[in-house]
Amino acid sequence: MLKTLSIQNLALIKDLEIQLHPGFNVITGQSGAGKSLILSALYLLCGGKASTHLIRTGEAKTTITGTFILTEIEAKTCNLPNANTKLLIKREIARGSGSKIFINEQKTSLEELKIMGEHLFDICHQSDSTFQLSEEIQLDILDQFAKLFPQRQEYYKIYQQWDQIRQKLQKTSKLDPAALSEEINALNNFSPSLEDFEHLDQERLRLENATLIRQTLESCYDQLYSREENSILTGIAQLKKQIQQILPYGESYKAIFQQIHEAECFLQEASYSLRDQNVEIDENRLFEVQQRLTTYKEFFRKYNCSIQGLLLCWTTLTEQYEAIQEGRNEREALERLERELYQQLIQMGRKLHEQRCSMTTEFCTLLEKQLFDLGMNCQLHIRVEKNEVQLAPHGISQVEFLISTNKGEELKPLSKIASGGERSRFILALKSLVDTPGIPIFVFDELDATLGNRFAKEVGQKIKLLSKNHQVLSATHSPILAAYGNRHFLVKKESRGEKTYTKVQILEGESKEQELLAMFQGENGPLEIEMLQKILVNQ
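Let me sum up the structure you'll find in this document. (Residues numbered from 1 in each chain as written. Predicted model: local features only at pLDDT ≥ 70, side-chain atom pairs only at ≥ 80, totals over all residues. Heavy atoms only, no water.)

A closer look at unusual backbone geometry
Of note in this structure, Glu105 is not a glycine but carries a positive phi near 70°. Tracing the backbone shows Glu105 in the loop between β6 (98-103) and β7 (106-108). On the basis of relative accessibility, which here comes to 67%, the residue Glu105 falls in the exposed class. We note that Asn304 has phi near 50°; this positive angle belongs to a residue other than glycine. Looking at the element boundaries, Asn304 is found in the loop between α11 (283-303) and α12 (307-326). (Helix = DSSP H or I, 4+ residues; strand = E, 2+ residues; numbered from the N terminus. Buried < 20%, exposed > 50% of the residue type's maximum accessible area, 1.4 Å probe, protein only.)

Some points on the side chain of Thr65
Counting through the fold element by element, Thr65 comes out in strand β4 (residues 61-69). The class of Thr65 is buried, set by a relative accessible area of 17%. Setting aside chain neighbours within four positions, we find Thr65 in contact with Thr4, Leu5, Ser6, Leu45, Leu88, Ile89 and Lys90. (Contact = heavy atoms within 4.5 Å.)

Quick notes on the sheet that holds strand β10 (residues 397-404)
Strand order in the open sheet made by the three strands is β9-β10-β11, with antiparallel pairing throughout. The open sheet has two edge strands, β9 (379-386) and β11 (412-413), and neither has a second partner. (Pairing = 2+ DSSP bridges.)

As for helix α17 (residues 509-519)
Residues Lys512, Leu516 and Met519 constitute the buried set of α17. Down the axis of α17, the sector holding all buried residues measures 55°, keeping them to one side. (Arc of directions from axis to C-beta.)

As for the pairing of strand β8 (residues 121-124)
Because side chains alternate across β8, one face comprises the buried residues Phe121 and Ile123, and the other comprises Asp122 and Cys124, equally buried. Bridge analysis of β8 against strand β12 (residues 441-445) gives four bridges, and the strand direction is parallel. Residue pairing in the sheet places Asp122 in a bridge with Phe442 of β12.

Digging into the packing of helix α9 (residues 232-244) against helix α10 (residues 251-276)
Their axes nearest at 10 Å, the elements α9 and α10 cross at an angle of 165°. For the element pair α9 / α10, the angle class is roughly antiparallel. Handedness of the α9/α10 crossing: left-handed. Contacts between α9 and α10 involve Ile232, Leu233, Ile236, Ala237, Leu239, Lys240, Ile243 and Gln244 from the former and Tyr253, Ile256, Phe257, Ile260, His261, Glu264, Leu267, Gln268 and Ser271 from the latter. Considering only residue class, the contact of α9 with α10 consists of eleven nonpolar, four polar and two charged. (Axes fitted to C-alpha atoms, helices over the stretch in contact; angles between N-to-C directions. Parallel < 35°, antiparallel > 145°, perpendicular 65-115°, else oblique. Left-handed = near helix turned anticlockwise from the far one by under 90°. Nonpolar A, V, L, I, M, F, W, Y, C, P; charged D, E, K, R; others polar.)

Below is the structure:
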């Protein structure tokens, strides 16, 4: 369920936070007060298209935050780590800098938000031209109605076994033993190692800079020792002679003399080391080193790796080749098992397909009645096609619901239903007929539009029933429908100074009854008011 919805700077809404009921939440208010803004916030929270036009005038950004409490199954469906049942979604829409999205305080992408939103919400919004009942969900609804999930589960167990074997065979079939042997031989002949690579790289640097190294060493040796009167060691010897003259006059001078003497010894050793350095300029060896390093780089490019990755790849290729040599008999056994499981799946899939086809007429008849109760005189048909080429986890059937909402019009997919109210009523009718687990939150935007009080009562009763297992939010102008709500939010628009604000008030008891009576606006008689009062008494 959505526990808390927080909205900042969305059109007329400055700062709003509402606590929602786990059952049926009703939103009422005059046209233009901001009812649909709350539903728009939910639409944005589940990945809907954003626009900077929604940002309140004079503000830099819009922020929408939703706090959800989920069941363990819902959390798992949303791929939350460790089945974390608390979910926090935050979306910011800023002028000029796009949108920022956070899920449990971790920055994420719009695509990931959309995927999560599909698991959380089913929104029938007036501005939303999409219909979220995918073909997979349509199949689930038909199977739930036909009570086919036990058979489907048996099919799925076999499918998992078959799919694991198929994937294993696909991986091994992609490996060519001859090509593997050729790659392994190339690596064996080259015999790469981390020590070899690092040593070659250092040797290359020395060989490429041999001239500079030799000149530097000779120059240093010359400055230290070779110059007769101007060498550093000659200068230090002169310093020692000068200090010797004052040694009788204090102990501290002896310490200075000793330090100079030690420095002279260190520098003499350094001069001997410089003299003994043998730096050869070997172009042939440099060419050999460069060629071997070039071969290393060719392997790096081929396997898209570093030296560590190359060594790992060498080991992996060797293991794969050995596995192929050892597993030829195993592969033949797997191929036989894969064919047997495939035939078993085909038989089970055909039986499921026939059972689905046999239930479509009854399902359509009952759903048409549900829709008729909601003021929609529709014709329905379920297209069930068989696909034995690509097996699916649910069988071999492809299901699509087709509908005609007006007499004489051709049957069309659900996505072609134009009216937001029709989309809302269709989902409500479906859920009244078959309550499938999955999406926890349903949002309806004025599904009572163009309906009279009799139909509004039917809608209210069906939503009340739906809200026993799902959280429902509905914006409405119907007092009859609103009377069924567990929590009633009244949306008002008010002006302060030069600014207009949308405010939300929770109505309970007498204040709720007064608002519902006021919503009649004198257009209905005592029978309607009596109907309203009976509904309130029974809540």
